[in-house]
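# Reading the structure
Given next are the chains, with one letter for each unit.
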Protein chains: 2
Amino acid sequence: MSSEFDLIDAFLAPFGRGTGVVIGPGSDCAAVEPARGQRLVATTDAVVEGVHFDLRRFSPEDVGWKALAVNLSDLAAAGARPRWFLCALGIPRKQRAEAVARRIARGMAALARQSGCALIGGNVSSASEWSVTITALGEAKRPLARTGARPGDALVVVGRLGDAAAGLRPLPHASGARAQRRPRPLVREGLLAARFASAAIDVSDGFLQDLRHLVDSSGVGAVVECSSLPLGRAARSLPDGMELALTGGEDYALVLAVPRRKLAALRKVVDCAEVGRILRGSGVTLTELGQPRPLPRRAGFDHLK
Amino acid sequence: MSSEFDLIDAFLAPFGRGTGVVIGPGSDCAAVEPARGQRLVATTDAVVEGVHFDLRRFSPEDVGWKALAVNLSDLAAAGARPRWFLCALGIPRKQRAEAVARRIARGMAALARQSGCALIGGNVSSASEWSVTITALGEAKRPLARTGARPGDALVVVGRLGDAAAGLRPLPHASGARAQRRPRPLVREGLLAARFASAAIDVSDGFLQDLRHLVDSSGVGAVVECSSLPLGRAARSLPDGMELALTGGEDYALVLAVPRRKLAALRKVVDCAEVGRILRGSGVTLTELGQPRPLPRRAGFDHLK
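Residues numbered from 1 in each chain as written. Chains lettered and ligands numbered in written order. Predicted model: local features only at pLDDT ≥ 70, side-chain atom pairs only at ≥ 80, totals over all residues. Heavy atoms only, no water.

## Focus: the pattern of salt bridges
As enumerated under the stated definition, the model contains 32 salt bridges over all chains in all. Glu189 of chain A is the partner of Arg184 of chain A in a salt bridge, and the nearest nitrogen-oxygen pair spans 3.2 Å. Two residues, Glu274 of chain B and Arg267 of chain B, come together in a salt bridge whose shortest N-O distance is 3.6 Å. The exposure class assigned to Glu274 of chain B is partly exposed, which follows from its relative accessible area of 29%. Residue classification places Arg267 of chain B among the partly exposed residues on the basis of a relative accessible area of 41%. (Salt bridge = Lys/Arg side-chain N within 4 Å of Asp/Glu carboxyl O. Buried < 20%, exposed > 50% of the residue type's maximum accessible area, 1.4 Å probe, protein only.)

Structure, rendered in structure tokens:
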């Protein structure tokens, strides 16, 4: 196995230097220059081998891309502009670890470039399995949170549901495989939506479960009309596509609560689907073509079960 | 095993709310209000079961304390004031995981309170072993880095060397056990030293190895007089204490390069030892009572070996 320091050099190679970076990777700490009048928005999320990915199905480049994507999706839900990130790697004591790390970096750097987010620091440790834990930092004047949804708000989805779960099936549709391995964080859409929405969350654990987090945090309820949900192409091709859209997870779509009077303005700038509304009360109920539809037994993903 | 969301609630319980926190734990992202005219300083570091700790020797409270301490030590080396942190947990699928997580949180919260650093977000994932990956955020007007040491600077150590390694020996001296399980990050000392030092690093991987990082990054060399090194009490009680001080790691002392003219002023505010000087050239040489001393075969810890 290569030394820690060779591996770090190999990992850093494909990344460019970001803006506002005073001290980049290589010192004990990074230092950056936050913009005036902006809040600093921070999130951390990990992908772990055997839990979130499997190197027989994912290329190392996919792993690097996805590790950053899931964090950028959180920034998107807050309506924040990605600026910088730190990356902690867990590396198994195996042959060719440096080659795998190099490829993880390559996938991560491709998304970092696209999204204007610079790697400023990190850590490596040996561990039983590969893991990539990223902390992403962004900026927003008025960051969105899960709280803030009001009765009467429209419930809106940006992006597609069900494809990431469809991508885990044998011989998946191309759109499902892509959604699972190379999810596209809706950063631009989140930045635009933040001007209109009262609350937001991204769909990481399953639409229903994440919507429940949003309504619980806001102290409201919601009703969802299932026929309005924007199923992805892979989900639409499966008999249980609606189930996957409701509970599948990892779609990295955005769920927004939007005051009615702002809905038309939002629609002009972001392609989105109105899927229901926020109500007084609590919990989520489903309808299908206006008729009550029972809730699925399992709402989404629990990372410890 | 308890659900992800119960475990998160249990983990968050002992932490207070920090200052400058706009959105705390519980949304997709945290949001904070950085102070004007300060650089944001960021670092990430992980502690992994079986690599950095062993639950037969460490209590879960020790693990939580140490995971935060190693990050605060990096902020200390940058001369930054700790403000906020995020914590990603890797949790094995075991009985009583929630109880262990609760105890990790308790140890971490004790140090968070002492150091004025607030937990603002995190993540949980199942994994093969326990791991705690923290990203700490601080603020500094003029953060120190490894670069910046100049020939002629005095080489200064704040804190004690060798005790953490001594603490891994059977039946360790109390001072060694404490240094290993509850290292005290030198935050106050780092803040004071930043007014005088030209470069700094903390001793995480071993004094010699970390000093080499500092001189390599600064493009200089250094000579160290071993008899001036501030050995801790546990290291002093061992026949190979000097070896441990040079290569042992995890001491979380600070190594500073300080312009000669500022040394007296630094000594007035921080208890420190002058241990050598920065030279033109490259590499580190050792003397003992003025005579050359050979370098140890191994300079410090490699996280992948």
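## As for the sheet that holds strand β13 (residues 291–293) of chain B
All names here are of chain B. Ordered in space as β8-β10-β7-β11-β9-β12-β13, the 7 strands form an open sheet in which the pairing is mixed. Edge strands, defined here as strands with exactly one partner in the open sheet, are β8 (199–202) and β13. Strand-to-strand twist in this sheet, taken as the mean axis angle between neighbours without regard to direction, amounts to 30 degrees. Here 4 bridges tie β8 to strand β10 (residues 254–258), and the two strands are oriented antiparallel to one another. Pairing of Ile201 across the sheet is with Val255, part of β10. Lying on the sheet, helix α2 (residues 60–77) is in contact with β8 and β10; it crosses β8 at an angle near 170 degrees. Each of β7 (154–158), β8, β9 (221–225), β10, β11 (273–279) and β12 (283–288) is contacted by helix α7 (residues 207–218), which is oriented at about 150 degrees to β8, the strand it contacts most. (Pairing = 2+ DSSP bridges. Helix = DSSP H or I, 4+ residues; strand = E, 2+ residues; numbered from the N terminus. Axes fitted to C-alpha atoms, helices over the stretch in contact; angles between N-to-C directions. Contact = heavy atoms within 4.5 Å.)

## What about helix α1 (residues 4–12) of chain A?
All names here are of chain A. Residues Glu4, Leu7, Ala10 and Phe11 constitute the buried set of α1. All buried residues of α1 fall inside an arc of 130 degrees around its axis, so they share one side. Check the buried side of α1 and you find it contacts β4 (81–91), α3 (97–115) and β5 (118–126). (Arc of directions from axis to C-beta.)

## Looking at the environment of Ala235 of chain A
All names here are of chain A. Considering the arrangement of structural elements, one finds Ala235 in helix α8 (residues 233–236). Relative accessible area serves as the criterion here: at 0%, Ala235 is assigned to the buried category. Sequence-wise, Ala235 and Pro60 are 175 residues apart; in three dimensions their C-alpha atoms are separated by 25 Å. In this structure Ala235 touches Leu161, Gly162, Asp163, Ala166 and Gly241, once residues within four positions along its chain are discounted.

## Here we look at the relation of the copies chain B and chain A
Once turned by 180 degrees and shifted 0.0 Å along the axis, chain B lies on chain A with an RMSD of 0.0 Å. Both copies of the chain, as the preceding transformation shows, are related through a two-fold rotation axis. Interface residue correspondence from chain B to chain A reaches 100%, placing this contact among same-surface, isologous pairings. (Least-squares fit on C-alpha atoms with pLDDT ≥ 70 in both.)

## Let's talk about the state of the cysteines
Here the structure, examined in full by the defined rule, presents 0 disulfides over all chains. The thiol of Cys29 of chain A is not disulfide-bonded; the next cysteine sulfur, from Cys117 of chain B, is found 11 Å away. (Disulfide = S-S within 2.5 Å.)

## Observations concerning α2 of chain B
All names here are of chain B. The first and last C-alpha atoms of α2 sit 26 Å apart over 18 residues, in line with the 26 Å expected at 1.5 Å per residue. Of all 18 residues that make up α2, 18 are buried, and the element is covered over most of its length. At the exit of α2 stands Gly79, carrying a positive phi of roughly 70 degrees. (Expected span 1.5 Å × (residues − 1).)

## Some details on the confidence of the model for chain A
Summing up the model confidence of chain A, the mean pLDDT is 95 and the portion of residues at 70 or higher is 99%. Reported confidence for the predicted complex is 0.95 by ipTM and 0.96 by pTM. (pLDDT = per-residue confidence, 0-100.)

## Details of unusual backbone geometry
In this model, Leu289 of chain A sits at a positive phi of 50 degrees, which is unusual for a non-glycine residue. Along the polypeptide, Leu289 of chain A turns up in the loop between β12 (283–288) and β13 (291–293). The class for Leu289 of chain A is exposed, based on a relative accessible area of 70%. Here the phi dihedral of Glu250 of chain B falls at roughly 65 degrees; this positive angle occurs in a residue that is not glycine. Counting through the fold element by element, Glu250 of chain B comes out in the loop between α9 (241–247) and β10.

## Things to note about the interface of chain B and chain A
Residue-level contacts link 65 residues of chain B with 65 residues of chain A. A combined buried area of about 5100 Å² lies between chain B and chain A, and 55% of that area is made up of carbon and sulfur atoms. Taken together, the links from chain B to chain A amount to 4 salt bridges. With a shortest N-O distance of 2.9 Å, Arg39 of chain B and Glu33 of chain A are connected by a salt bridge. Run the count over chain B and chain A and you get 19 residue pairs in polar contact (both at pLDDT 80 or more). (Buried area = accessible area lost by both parts, 1.4 Å probe. Polar contact = N/O pair within 3.5 Å; in protein donor to acceptor, adjacent residues only side chain to side chain.)

## Section: the side chain of Ser3 of chain B
Turning to its location among the elements, Ser3 of chain B is positioned in the segment before α1 (4–12). Of note is the side chain of Ser3 of chain B, whose polar atom sits 3.2 Å from the backbone nitrogen of Asp6 of chain B.

## So, the packing of aromatic side chains
Pairs of aromatic rings are described using the distance from one ring centre to the other and the angle between the two planes. Within the structure shown, the criterion is met by 6 aromatic pairs over all chains. Through successive ring pairs, a cluster of aromatic residues spans Phe11, Phe15 and Phe85 of chain A. (Phe/Tyr/Trp six-rings, centres within 6.5 Å; stacked < 30°, edge-to-face > 60°.)

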